[in-house]
Structure formats: structure tokens, C-alpha cells
Number of protein chains: 2
Amino acid sequence: MNLLLLEDADFVAADRVVLQGRRLKHLHEVHRAEAGDSLRVGRLGGLMGSGTLEVLGAEQAEISVHFDQPPPAKLPLTLLLALPRPKMLRRVLQTVSAMGVPRLILLNSYRVEKSFWQTPFLDPGAVREQLILGLEQSRDTVLPEVVIEKRFKPFVEDRLPALAAGSLGLVGHPGDFPACPRAVEQAVTLAIGPEGGWIPYEVEKLQEAGLNPVQLGERILRVETAVTALLARLF
Amino acid sequence: MNLLLLEDADFVAADRVVLQGRRLKHLHEVHRAEAGDSLRVGRLGGLMGSGTLEVLGAEQAEISVHFDQPPPAKLPLTLLLALPRPKMLRRVLQTVSAMGVPRLILLNSYRVEKSFWQTPFLDPGAVREQLILGLEQSRDTVLPEVVIEKRFKPFVEDRLPALAAGSLGLVGHPGDFPACPRAVEQAVTLAIGPEGGWIPYEVEKLQEAGLNPVQLGERILRVETAVTALLARLF
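Residues numbered from 1 in each chain as written. Chains lettered and ligands numbered in written order. Predicted model: local features only at pLDDT ≥ 70, side-chain atom pairs only at ≥ 80, totals over all residues. Heavy atoms only, no water.

- The name recorded for chain A in an unreviewed UniProt entry is Ribosomal RNA small subunit methyltransferase E, from Aquipseudomonas ullengensis.
- The annotation that UniProt attaches to chain A under Catalytic activity (unreviewed entry) is "uridine(1498) in 16S rRNA + S-adenosyl-L-methionine = N(3)-methyluridine(1498) in 16S rRNA + S-adenosyl-L-homocysteine + H(+)". (UniProt positions renumbered as here; feature names shortened; annotations may be inferred.)

## Looking at the interface of chain A and chain B
Moving on, step 1. Between chain A and chain B, the contact holds 29 residues from the first and 29 residues from the second.
Moving on, step 2. Between chain A and chain B, roughly 2,600 Å² of surface is buried when both sides are summed, and carbon and sulfur atoms account for 48% of that area.
Moving on, step 3. On the chain A side of the interface with chain B, the three residues burying the most area are R219, I220 and R222 of chain A, jointly 27% of the side's total.
Moving on, step 4. Inspection of the chain A/chain B interface yields four salt bridges.
Moving on, step 5. The residue R219 of chain B makes a salt bridge to D140 of chain A at a minimum N-O spacing of 3.1 Å.
Moving on, step 6. Our count for the chain A to chain B interface comes out at 22 residue pairs in polar contact (both at pLDDT 80 or more).
Moving on, step 7. Those elements giving two or more residues to the side of chain A that touches chain B turn out to be α2 (86-99), α3 (124-138) and α6 (223-234) of chain A.
Moving on, step 8. When grouped by side-chain class, the residues that make up the side of chain A that touches chain B number 10 nonpolar, nine polar and 10 charged. (Contact = heavy atoms within 4.5 Å. Buried area = accessible area lost by both parts, 1.4 Å probe. Salt bridge = Lys/Arg side-chain N within 4 Å of Asp/Glu carboxyl O. Polar contact = N/O pair within 3.5 Å; in protein donor to acceptor, adjacent residues only side chain to side chain. Helix = DSSP H or I, 4+ residues; strand = E, 2+ residues; numbered from the N terminus. Nonpolar A, V, L, I, M, F, W, Y, C, P; charged D, E, K, R; others polar.)

## Comments concerning helix α6 (residues 223-234) of chain B
Moving on, step 1. For α6 of chain B, which comprises 12 residues, the first-to-last C-alpha distance of 16 Å matches the rise-based estimate of 16 Å (1.5 Å per residue) to within 8%.
Moving on, step 2. Of all the 12 residues making up α6 of chain B, 12 are buried; the element is thus mostly covered by neighbouring parts of the structure.
Moving on, step 3. Among all positions of α6 of chain B, only V223, E224, T225, A226, V227, T228, A229, L230, L231, A232, R233 and L234 of chain B are buried.
Moving on, step 4. Tucked inside the fold, the buried residues of α6 of chain B contact α2 and α6 of chain A together with β7 (77-82), α2 (86-99), β10 (168-172) and β11 (188-192) of chain B. (Expected span 1.5 Å × (residues − 1). Buried < 20%, exposed > 50% of the residue type's maximum accessible area, 1.4 Å probe, protein only.)

## Focus on the sheet that holds strand β5 (residues 48-56) of chain A
All names here are of chain A.
Moving on, step 1. One open sheet holds the six strands; their spatial order is β1-β4-β5-β6-β3-β2, and the pairing between them is mixed. Looking along the sheet, the strands with just one partner apiece sit at the ends: β1 (4-6) and β2 (11-13). Recorded for the sheet is a direction-independent mean angle of 40° between the axes of neighbouring strands.
Moving on, step 2. In terms of strand pairing, β1 meets strand β4 (residues 38-43) through three bridges, oriented parallel. What sits directly across from L6, in β4, is R43. (Pairing = 2+ DSSP bridges. Axes fitted to C-alpha atoms, helices over the stretch in contact; angles between N-to-C directions.)

## Some remarks on the packing of aromatic side chains
We describe a pair of aromatic rings using the distance from one ring centre to the other and the angle between the two ring planes.
Moving on, step 1. Inspection of every chain in the model, using the stated rule, returns four aromatic pairs over all chains.
Moving on, step 2. With a centroid separation of 6.1 Å and 45° between ring planes, the pair formed by F11 of chain A and F67 of chain A is classed as tilted. A residue pair is termed long-range when its members are at least 10 positions apart, and F11 of chain A in strand β2 and F67 of chain A in strand β6 (residues 61-69) qualify at 56 residues.
Moving on, step 3. A relative accessible area of 14% places F11 of chain A in the buried class.
Moving on, step 4. For the pair F152 of chain B and W198 of chain B, a centre-to-centre distance of 6.0 Å together with 50° between the ring planes defines the contact as tilted. Placement of the pair is F152 of chain B in helix α4 (residues 152-164) and W198 of chain B in the loop between β11 and α5 (200-208), with a sequence separation of 46 residues. Like W198 of chain B, F152 of chain B is buried.
Moving on, step 5. Just above the ring of F11 of chain A sits the side chain of R43 of chain A; from NZ or CZ to the centre is 3.7 Å.
Moving on, step 6. Directly above the ring of F121 of chain B sits R90 of chain B, whose terminal nitrogen or CZ lies 4.5 Å from the centroid. (Phe/Tyr/Trp six-rings, centres within 6.5 Å; stacked < 30°, edge-to-face > 60°. Lys NZ or Arg CZ within 6 Å of the ring centre and 35° of its normal.)

## Some thoughts on the pairing of β5 of chain A
Residue and element names in this part refer to chain A.
Moving on, step 1. Taken together, the five bridges between β4 and β5 define a ladder with antiparallel strand orientation. Across the sheet, L39 pairs through a bridge with G51, a residue of β5.
Moving on, step 2. Relative to β6, β5 runs antiparallel, the two being bridged by eight bridges. Following the sheet pairing, S50 is matched in β6 by H66.
Moving on, step 3. Two successive antiparallel strands, β5 and β6, enclose a turn made up of four residues.

## Focus on the state of the cysteines
Moving on, step 1. By the definition in use, this model includes zero disulfides over all chains.
Moving on, step 2. C180 of chain A carries a free sulfur, and the closest cysteine sulfur to it, the one in C180 of chain B, is 16 Å from it.
Moving on, step 3. Residue classification places C180 of chain B among the buried residues on the basis of a relative accessible area of 1%. (Disulfide = S-S within 2.5 Å.)

## Looking at the packing of α2 of chain A against α3 of chain A
All names here are of chain A.
Moving on, step 1. Contact geometry for α2 and α3: axes closest at 7 Å, N-to-C directions at 45°. The pairing of α2 with α3 is recorded here as oblique in orientation. Of the two possible hands of crossing, α2 and α3 adopt the one that is right-handed. Along the contact surface, α2 presents R90, L93, Q94, S97 and A98, while α3 presents V127, Q130, L131, L133, G134, L135, Q137 and S138. (Parallel < 35°, antiparallel > 145°, perpendicular 65-115°, else oblique. Left-handed = near helix turned anticlockwise from the far one by under 90°.)

## As for unusual backbone geometry
Moving on, step 1. A positive phi angle, close to 65°, is found at R139 of chain A, a residue other than glycine.
Moving on, step 2. Secondary-structure assignment places R139 of chain A in the loop between α3 and β9 (145-149).
Moving on, step 3. Of note in the backbone geometry, A183 of chain B takes a positive phi value of approximately 50° without being a glycine.
Moving on, step 4. Relative to the helices and strands, A183 of chain B is located in the loop between β10 and β11.

## Digging into the relation of the copies chain A and chain B
Moving on, step 1. Expressed as a screw operation, the relation of chain A to chain B combines 0.0 Å of axial shift with a rotation of 180°, fitting to an RMSD of 0.0 Å. On the angle and the small slide along the axis, the relation comes out as a two-fold axis.
Moving on, step 2. With an isologous cut-off of 70% or more, the 100% of interface residues of chain A that recur at the interface of chain B puts this contact in the isologous class. (Least-squares fit on C-alpha atoms with pLDDT ≥ 70 in both.)

## What to know about the side chain of R233 of chain B
Moving on, step 1. Looking at the secondary structure, you find R233 of chain B in helix α6.
Moving on, step 2. Salt bridges are absent for the buried R233 of chain B, whose nearest opposite-charge side chain, E185 of chain A, sits at 10 Å. (Lys, Arg positive; Asp, Glu negative; His and termini not counted.)

So, in C-alpha cells, the structure goes:
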């Protein structure tokens, strides 16, 4: 937790918050904080700044806060991701949030196991929890938008072309394709497949929607690693 | 497991192996393999190729194998990493191995908790297990060398200058430093700090040894994410 992220319900005055639960525990156990300590704080969806730990008890902490700084810029990116397996999904949500992706679309694919759609980690509250952890890690206050698209074909045929229009459309896909471009200056729509990759039909449909295959070399990376590697290379 | 990695002990003839245990279980449960299936195989430290599943039983599998392909090239890199916390260590070892890092040095730092050095995940067998998982993921056969340096100062003063000589020496460090270079053509020695970063004294000592600070932007990334992002950008 490199940023103490505050929500409206935490505020008891415009410049004062009271914390309990997970964040209080973290202050005690990880930060080993003491009264008087200074902390980096951010208001969810708003500015960042600094806080002073006025009172630190076993049951709650009181912090005076002051906001004066905008959060870091997001990447100019829409990320389409074939729904990963539940354990990977949690980590990917944190990574996506930490790296500054503003919009994530979780998409079905032939190689996404049906059972993955049943996971409780897809509940809005569970998704939000992982996104918050990513923001706390990287010091950001703005939650990414997460969209769930359970049907590949209608999404890719009917909605993706408009969504990708005007952006550089890319599909991360191993094979005999151009290397993923570096340091692009424009907005990007990037699709990353499931374990085992998109099937040829899906690559074709994504191409028809304006996304062109690019590769990262012959090594097969885990989804989380591929997401990080592609974003680090693109931006 | 995108590559079935074979060790000397698996061979019952030059072109035939017998498997039990984890890899057999994986063939049954994840690959849902059947007799006659073709598999990608690699010989630890040697070539890659293909295998045919001749016999698949509950207790063991017999596979005929044929090797004809070199493993992918490693990155021209020595990676110095402040020892991460045990849970992160396991994932980082897999990532490093999957991404093709040939040499990893796990180093002490002021912000590495002493208890991290006690973890059983640092036992050579446990390290090897994670490295193997990384090779199986990315399809490689050559284990990275992992060196453990429990004392920062003697290592950085006495051994690092020779080790980094002739390479581009870099320290990943947040702050007002040049951006990490992209697509370098030469060998690199890269040091990545612990959670919370190197302390100024350590950055100074690393600079004296020929490593210059570079940054990746204002977001603070987890160690595993930072490793992947820096390597994807550099190579």
C-alpha cells in the first residue's frame, strides 16, 4: 500500500478521515505507523496529497488530510482480455489497475473454460477490491472501467469496430507476425488471448474489426506477464 | 506446461522416456492427453523437439521423443534483484526463467527483511522447481544461473565492477532520472530494488560500480511487474 486510498464514507470532515478494518490493520502491521506519522493519501476518483496520523488506536485511526496533486495519467488504451482463470484474473486486475489501464474488457474466447465465468472473483465487489489494491500499489486514485462481454462474436462484430476506430488496433498473438511496436504515440486497442491463444477464427474476426496481430517473440508468457510486457513495450 | 521438460533420469533409451508424478498428473488433468497424442518436448540443458505418447496409464506414461531444435536465445543480461519476500520470490523466479534471463543475482539490501533469507523457497531444490516451471511455461530448456549474495557491500564493491564491465549498467529506481532506454543492442547489467526501493547509499554504491539510475514513470510497480516491464522495454 504505497497510497492510502480514501472513500467518501471515510470522511468525518472535509480534511479528516477515520479508518477501520483492512487499512487500519495495514497501518499497524505493515507500516508499523505511529501517531504523528505522515502518509501519502488519495481520494478515490479525486486528488492525491498527504495526511497526518492524528490518533492511532486498536479500533480506529484518525487522519487529517490535504489534497493538492492530480493522479498520474492513464495509458491511452482499451485492453481486451480473454477471461483468465480465476486465480490469474485477480492478479491481472491488480496489474491492469497498477499500470494505468483506463478500460478493460473481459471477453469470451473458445479457449476460455465455461467454468471461469462462474467465479465469485467476477462479482463487481471482488473486481473492485483487486482494482483498489492495484491503485494503492501504484499510487493512483481512478478506478479502471471493467466491462464483461460473455459473447465473442456479437461484441467483436457489432461493437469492437466503433470502439477501435481511430486507434492503433493490435492483437498479441504468437506466430509469424510483425513485432509489437514500441513507444507508440497514439491511442491503442489491444487484445490479448487466453492460455493457448486465440483460435484462428477469432484472430480473423479481430482482424476484421481492425486489430492486427503482433508478436513478442517465441516465448509463451503467462497472461499477467504478457499484459505487462506488451504495455511496457507499447508505451 | 507448454513444453514437457525431460531430465536424464527420465530416459529409458535414447529416444524414449518414462514419466511419473507431477508431469504425468499434468498430462492427465490439464492436457487431458490420450495415447497417440503428439507433445512438445525438451531435454533439460539441451535441444527441443517432439514426442509421441505411446502409453498413458494411471501410474506412468511412456513417450517416444525426437530432438531437432535449439532452445530460444537468452537475453544478454545479468539481473541483480534485492531479495523479494518469499511469496513474491517464487513468482519472480518463474518470471525470470520464462523471460530468458540467463543469470540472476539475489542480493541483500537495507530494506530486505532479515527473515526473508530464512525462507525454504531459497533452498536450491525449491529455486530449481520454480525455474523449471518458468522454462515449461515459455518453452526453454536452459536453467538460469542463480547466485545468492547476502552481503551488499562486498559484492557491490569487490565483484560487481568486473561483472558489469563492458555492459550497459542500469539501476531501476523511481525519481528524477532518465527514462529506461528501449531496444538496446548491447549486454545489460540491471539492478532492481526491494519494495520501498534502494536507499540512497545503495544507489550511490551501485553507481560507483558502473550502474546508472533509470526510471519507468511515477507508478510504483510490484517487483514482479517491474522486472517484466523493464525487460520488455530494454530488449
